[in-house]
Amino acid sequence: MKAILGRKVGMTQVFTTEGEAVTVTVVEVLPNVVLQKKTLEKDGYEALQLGYEDQKENLTNKPQAGHFAKANTTPKKFVKEVKGDEMSKYNVGDSITVDLFQAGEAIDVTGVSKGKGFTGLVKMRNQSIGPKGHGSGYHRGVGTLATNGRCNNRIHPGRIMPSHYGNKTTTVLNLEVVSVDVEKNALLIKGAIPGAKKGLVTVRSAIKAQKKANSIKNLVDYSASAAQ
């Protein structure tokens, strides 16, 4: 398994040579720098600590600056550990680029979902609204909290109620890489991925791969036609 950090740019569509439109999400994958290599002997597990996107030096404290200096790199804004057997070949200071993945591979994408603030049960839990008559006085309320006469002195744990909705780490499984643009550091992924635009995401090999490789047919090469 392999993994890399990127930033969601937005959604668009590309076309195959047969005229089929494919909806894709564009992920900007700047070079990831290996800041630290976790080993089984020293740390008890194997992983790579990656740094993503440069950060101003005045926003970095001395311990962090020393950590980045060991990897011979500039301060990074995001630091995260990733695991995978195929990542063990990289060492501290190496750069991991977008060509880590190839078109047709099955992947999982992890990100922070869009936050929707304090939300009621109709939107959050898909419950139905109350009577719509003008005199009902109840349209989108939470409803009765009674427990059929048992332990009515409290609200039982697990009772669904209005609360904060979204803004949680979530993973979408079994997506597919449509195209890899090494020059523009871009990864085109079929379908939607978690999070808002400019959100940080982690792209990894699919752990429950169910898609066949290269299910997307040849894409139209606009760069070649423009050159002509």
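K.L.:
Go over the overall build of the protein with me, naming the residues and quoting the values.
P.N.:
Check the secondary structure of the protein and you find four helices and 12 strands. With the C-alpha coordinates aligned to their principal axes, the bounding extent of the protein is approximately 70 × 55 × 35 Å. Residues classed as buried in the protein amount to 32% of the 228 residues present. For the protein, the accessible area works out to roughly 14,300 Å², and carbon and sulfur atoms hold 50% of it.

K.L.:
Please give an account of the layout of surface pockets that cites residues and values.
P.N.:
In this structure, the second largest pocket encloses a volume near 190 Å³. Lining the second largest pocket are 14 residues, with Lys38, Glu46, Ala47, Gly84 and Ser88 positioned closest to its centre. Broken down by secondary-structure element, the contributors of at least two residues to the lining of the second largest pocket are strand S3 (32–38), helix H1 (40–43) and strand S4 (47–54). Taken together, the residues of the lining of the second largest pocket sort by class into five nonpolar, three polar and six charged.

K.L.:
Mind laying out the pattern of salt bridges, listing which residues take part and the relevant values?
P.N.:
Working definition: two side chains of opposite charge can pair if their charged atoms are close together. What the rule picks out here adds up to six salt bridges. Note that Glu53 and Arg7 form a salt bridge whose closest N and O atoms lie 2.7 Å from each other. One end of the pair, Glu53, is in strand S4; the other, Arg7, is in strand S1 (residues 3–15), and 46 residues separate them in sequence. This pair shows no difference in class: Glu53 is buried, exactly as Arg7 is. Residue Glu53 is classed as buried on the basis of its relative accessible area, which comes to 14%. Among the ionic contacts, a cluster of salt bridges with common partners joins Arg7, Glu53 and Lys77.

K.L.:
Could you give an account of the pairing of S1, with specific residues and numbers?
P.N.:
Of the strand pairs in this sheet, S1 and strand S12 (residues 200–205) are connected by five bridges, and their pairing is antiparallel. Bridging across to S12, Ile4 finds its partner in Val203. Adjacent in sequence and paired antiparallel, S1 and strand S2 (residues 21–28) are bridged by five residues, among which Gly19 carries a positive phi angle near 90 degrees.

K.L.:
Could you give me a rundown of a positive patch on the surface, with the residues and numbers involved?
P.N.:
A cluster of basic residues, Lys114, Lys116, Lys123 and Lys197, forms a positive patch on the protein surface. Here Lys116 is to be found in the loop between strand S7 (106–112) and strand S8 (118–119). Residue Lys116 is classed as partly exposed on the basis of its relative accessible area, which comes to 39%.

K.L.:
Go over the nonpolar core, please, and point to the residues and values.
P.N.:
In globular proteins that are soluble, nonpolar side chains generally tend to be buried together. Of all hydrophobic cores here, the largest spans 25 residues; its most connected members are Leu48, Ile96, Ile107, Val109, Leu187, Ile189 and Val203. Put simply, the parts of the chain that give this core at least two residues each are S1, S4, S7, strand S10 (169–181), strand S11 (186–190) and S12. Other than its neighbours up to four places away in sequence, Ile107 contacts Phe101, Val172, Leu173, Asn174, Leu175, Glu176, Val177, Ile189, Val203, Arg204, Ser205 and Ala206. Formed by seven residues, the second largest nonpolar core is a distinct cluster that contains Val14, Val22, Val178 and Ala186.

K.L.:
Could you give an account of the environment of Gly104, with specific residues and numbers?
P.N.:
Counting through the fold element by element, Gly104 comes out in the loop between strand S6 (95–96) and S7. A residue is classified by how much of its surface remains accessible, and Gly104, at 8% relative accessible area, is buried. Spatially, the C-alpha atom of Gly104 lies 5.3 Å from that of Val177, the residues being 73 residues apart in sequence.

K.L.:
Any details on the sheet that holds strand S5 (residues 76–82)? Residues and values, ideally.
P.N.:
If you walk across this open sheet you meet the four strands as S5-S4-S3-S6, and the pairing is antiparallel. At either end of the open sheet lies a strand with only one pairing partner, and these are S5 and S6. One ladder, built from six bridges, connects S4 with S5; its direction is antiparallel. When the bridges of S5 are listed, Asp54 appears paired with Lys76.

K.L.:
Just give me the short version of a nonpolar patch on the surface, but keep the residues and values in it.
P.N.:
Taken together, the side chains of Met1, Leu173 and Ile207 present a nonpolar region at the surface, about 240 Å² in accessible area. Looking at the secondary structure, you find Ile207 in the loop between S12 and helix H4 (222–227).

Criteria and cut-off values
- Residues numbered from 1 in each chain as written.
- Predicted model: local features only at pLDDT ≥ 70, side-chain atom pairs only at ≥ 80, totals over all residues.
- Heavy atoms only, no water.
- Helix = DSSP H or I, 4+ residues; strand = E, 2+ residues; numbered from the N terminus.
- Buried < 20%, exposed > 50% of the residue type's maximum accessible area, 1.4 Å probe, protein only.
- Areas by Shrake-Rupley, 256 points an atom, 1.4 Å probe, with all protein chains shown as cover.
- 1 Å grid on protein atoms, 1.4 Å probe; cavity = no way out; pocket = protein on both sides within 12 Å on 5 of 7 lines; lining within 4 Å.
- Points joined across faces, edges and corners; volume = space filled by probe spheres on them.
- Nonpolar A, V, L, I, M, F, W, Y, C, P; charged D, E, K, R; others polar.
- Salt bridge = Lys/Arg side-chain N within 4 Å of Asp/Glu carboxyl O.
- Pairing = 2+ DSSP bridges.
- Patch = residues over 30% accessible without salt bridge, like charges linked within 9 Å, V, L, I, M, F, W, Y side chains within 5 Å.
- Lys, Arg positive; Asp, Glu negative; His and termini not counted.
- Charge placed at Lys NZ, Arg CZ, Asp CG, Glu CD.
- Core = buried A, V, L, I, M, F, W, Y, C linked by side-chain atoms within 4.5 Å.
- Contact = heavy atoms within 4.5 Å.

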